[in-house]
Amino acid sequence: MSFDASSARGDLILTRITKEYGDFKAVDDLSLTIPKGSFFALLGPSGCGKTTTLRMIAGLEEPTIGSIHLGETDITTTKPYQRPINTVFQNYALFPHLTIFENIAFGLRRRGIKDVDAEVNKVLNLVELPHLAGRKPTQLSGGQQQRIALARAIVNRPALLLLDEPLGALDLKLRRQMQIELKWIQKEVGLTFVHVTHDQEEAMTMADTIAVMNEGKIEQMGSPADLYDNPETAFVANFLGQSNLIKGTITGNDGDSIIADLYGQKISLPKNRSHAVDNSMYAGIRPEKFRISLLDTPVSGNVLTGGRIEDVSYIGVSTQYQVEMPWGQELMVFEQNDDGVAPFNKGDAVNISWAPVFTFALRGDEDITAGSEVTPEDLDEE
Amino acid sequence: MSKKIAEAAAPTISPVIRFRRWFGRNLIRVYMFLAFTYLFIPVAYTFAFSFNDSGKSNLVWKGFTLSNWQNPCGAPEVCNALVNSINIGLIVTVFSTILGTMIAFAIGRHKFRGRSTSNLLIFLPMATPEIVLGASLLSLFLTFHINPGFWPTVIAHVVFCISFVVVTVKARIASLDPRLEQAAMDLYANEFQTFRRVTLPLVAPGIAGAALLAFSLSFDDFIITNFNSGTVITFPKFVYTAAARGIPAQANVIASGMFFLALAIVLAGQIVNRRKAR
């Protein structure tokens, strides 16, 4: 391949990409930089445009507007085979008429690499399946096929490896094991991985940086901890884990803190976790950050009083409570079963407390159900 | 209690019920046996009479001989007709397979104006009665001052064989996962290499099946051939003409030979497939 795009290296830069299918905008004015060497995840529900974005990076689709650069090289309109980018397809797409060895050797042979045998054997050892070289893809289990698909891609040492829901077809236990292996292999070979998934847990386990996508746009981008602890929108707050969102009003400042009023009760939260644009806001607290106490127990931090326990479910590591507040909202509380304290009972009158640093604030005009109806398990591939 | 009832009940099952149960369990085997008997009696008859010491007419069993098999070309014209049929069949197979495969790829893989119309039109030669197709082809050839013979027959056969090739190959293309071709492109294969290394090998079994089908359709055809072949005698034409004065036993030898050859090809295909799957 004498094409100069094939030797391009560096950060992947998407600039103002839009992809339209008729009237439908699959991707809407998206800009994104994926640093070289990182493990990057595009996370979002079905139909959010993440797979379309991946296909445009691979060269299988062309953007309607916008450009894609790899380092200094513009690859927007180059053919898939002219890009130093390889893909692990959702259903693996192993060639059924070729042996495992020939499947892996496919890219090397097309590029005229000399020492095919050594390269293939090296990568077969990396995925720990050297004994399967002579088999056909249909004779392999799902997990083995997954590893061969990975081997077939990384043997080419691409500048960028794209993974399209690569673990979607595996059962839960195998998926967990492959998540750890993928992460290890990424460190081992030092390639840039771009991983598309609708499984928030998978994205958080593996990726250094996650971009949460919704309706063709990036909602928020950051490290897993950033996104979880400091979501900027209701969609992110609900799509990554669960959140309690309580309507309130910002009433003042106190140094680095903001003072807010939630149905007549004062709380404080760090300024850098507020994404409100005016006085109206939603205070967000993750269920495991709440602590429940009986009315007469002294507590510190933020406190909301007047709760009543509506429902108790014991699930082993934790107990989940539904607590009804005086304004009618039910809050979710996860208590670890580690302190030997007798669990609370249905009907107990309680206070809810938490440390102010665990509070985030969203704009007051947010749709607080965004992202919550879609549970990752319900979603099919796009 | 229940054990006692079972013991008491067991001997009272009547032979009629037992037969019914046996019949119910084995119905599919009985049916299969009858169906295969029905299908294979003509083949068995043809094979048996290829050993008939027949002389002129091969209608009555006159005694066993191997001489027909030792000298299959013994009867006048029979091998000439066979060679004509094989020649026509091979040429037709090559042309109809190449043209039909190309049409199948066009219809199966590309969107163009008139695609659905072509899809429909390709069925027409299959649906047209052979007698109509044969007669109209003949009048077409005569209009263009082409005399019936070897090449008009080839052209006529290609006309109806193409349809069968298109349908067979198209089915195979439709079952092909487009992601395999995308994967090939992703792995540095350009359009031609993708076709040569991935698409073609995966569609090949369909093309091979279509070629075999085209050959057997051409080899077998009588009606269209009879209109367009003029003085060229093909094997079906020979058998038809000979039927008036008695089909020589050599025709049975050739027919049986073709049958076993086809059987051998199918079996070989099965064995190869099993090997591949293992």
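Quick caveat, the model's predicted, so the values are computed rather than measured.

### A few points about the domain arrangement of chain B
Residues and elements named next belong to chain B. Domain boundaries assigned for chain B yield domain 1 (1-74 + 248-278) and domain 2 (76-247). One C-alpha centre belongs to domain 1, the other to domain 2; they are set 31 Å apart. Domain 1 puts 14 residues into the contact, and the matching count from domain 2 is 13 residues. In total, domain 1 and domain 2 occlude about 950 Å² of area from one another, counting both sides; carbon and sulfur atoms represent 81% of this. It is Pro248, Ile254 and Met258 that lose the most area in domain 1 upon contact with domain 2, and together they represent 46% of the buried surface on that side. Our enumeration of links across domain 1 and domain 2 arrives at zero salt bridges. Counting the contacts that link domain 1 with domain 2 gives zero residue pairs in polar contact (both at pLDDT 80 or more). Looking at the side of domain 1 that touches domain 2 residue by residue, the classes come out as nine nonpolar, four polar and one charged.

### Considering the side chain of serine 67 of chain A
Tracing the chain through its elements places serine 67 of chain A in strand β4 (residues 65-70). With near-sequence residues (within four places) excluded, serine 67 of chain A lies in contact with Ile13, Leu14, Thr15, Ile17 and Thr76 of chain A.

### Quick look at the interface of chain B and chain A
At the interface, 21 residues of chain B touch 29 residues of chain A. Between the two partners, chain B and chain A, sit one salt bridge. Taken together, chain B and chain A are joined by nine residue pairs in polar contact (both at pLDDT 80 or more). Per-element tally for the side of chain B that touches chain A: the top contributor is helix α9 (residues 178-186) of chain B, with seven residues. Among the residues making up the side of chain B that touches chain A, the classes are represented as 11 nonpolar, three polar and seven charged.

### Overview of the state of the cysteines
All names here are of chain B. In this structure the tally under the stated criterion is one disulfide over all chains. Here cysteine 73 is linked by a disulfide to cysteine 79, with a sulfur-sulfur distance of 1.8 Å. As the torsion about the S-S bond is roughly -85 degrees, the cysteine 73-cysteine 79 disulfide counts as left-handed. Here cysteine 73 falls in the partly exposed class, since its relative accessible area comes to 44%. Its relative accessible area of 18% is what places cysteine 79 among the buried residues.

### Looking at the environment of glycine 255 of chain A
Here glycine 255 of chain A shows up in the loop between β11 (244-254) and β12 (257-262). Each C-alpha atom of the pair glycine 255 of chain A and asparagine 156 of chain A lies 54 Å from the other, and the pair is 99 residues apart in sequence.

### What about the packing of helix α4 (residues 78-109) of chain B against helix α12 (residues 235-245) of chain B?
Residue and element names in this part refer to chain B. Running from amino to carboxyl end, α4 crosses α12 at an angle of 145 degrees, the nearest separation of the two axes being 7 Å. Listed contacts from α12 to Val78, Ala81, Leu82 and Ser85 of α4 are Phe235, Pro236 and Phe238. Residues that form the contact of α4 with α12 fall into these classes: six nonpolar, one polar and no charged.

### What about α12 of chain B?
Taken together, the buried positions of α12 of chain B are occupied by Phe235, Pro236, Lys237, Phe238 and Ala242 of chain B. Just past α12 of chain B, the residue glycine 246 of chain B takes up positive phi, approximately 105 degrees.

### So, the pairing of strand β14 (residues 280-285) of chain A
All names here are of chain A. In terms of burial, β14 is largely enclosed, as five of its six residues are buried. Pairing geometry for β11 and β14, over six bridges, is antiparallel. What sits directly across from leucine 245, in β14, is glycine 284. In this sheet, strand β20 (residues 360-363) lies alongside β14 in antiparallel orientation, the contact comprising four bridges. Within β20, the position partnered with alanine 283 by the bridge is alanine 361.

The rules behind these values
- Numbering of residues starts from 1 in every chain and runs along the sequence as written.
- Starting at A for chains and at 1 for ligands, labels are handed out in the order in which the entities are written.
- Whole-chain, interface and lining totals are the exception, using all residues; otherwise, since this is a predicted model, local features are given only for residues with pLDDT of at least 70 and side-chain atom pairs are given and counted only at 80 or more.
- Side-chain metrics rest on all non-hydrogen atoms present in the structure, leaving aside hydrogens and water.
- Marked domain ranges trace back to an automatic or database domain assignment.
- Contacts are assigned to residue pairs with any non-hydrogen atoms lying within 4.5 Å of each other.
- Buried area is calculated as the accessible area (1.4 Å probe) missing from two parts once they are joined, with the contributions of both summed.
- In the sections that follow, a salt bridge refers to a side-chain nitrogen of Lys or Arg positioned within 4 Å of a carboxyl oxygen of Asp or Glu.
- Think of a polar contact as two N or O atoms within 3.5 Å of one another; within protein, one of them needs to be a possible hydrogen donor and the other a possible acceptor, and neighboring residues in sequence only count if both atoms come from side chains.
- Here the term charged refers only to Asp, Glu, Lys and Arg, the term nonpolar to Ala, Val, Leu, Ile, Met, Phe, Trp, Tyr, Cys and Pro, and the term polar to all other amino acids, Gly among them.
- By definition, any uninterrupted DSSP run of H or I lasting at least four residues is a helix, any uninterrupted run of E lasting at least two residues is a strand, and each is numbered from the N terminus.
- A pair of sulfur atoms, both from cysteines and within 2.5 Å, is called a disulfide here.
- Here's how the labels work: a residue is buried when its accessible area is under 20% of the maximum for its type, exposed when over 50%, partly exposed in between, all with a 1.4 Å probe on protein chains only.
- Axis definition: a line fitted to C-alpha atoms, over the contacting stretch in the case of helices. Angles run 0 to 180 degrees between N-to-C directions.
- Strand pairing requires that DSSP identify at least two bridges connecting the strands.

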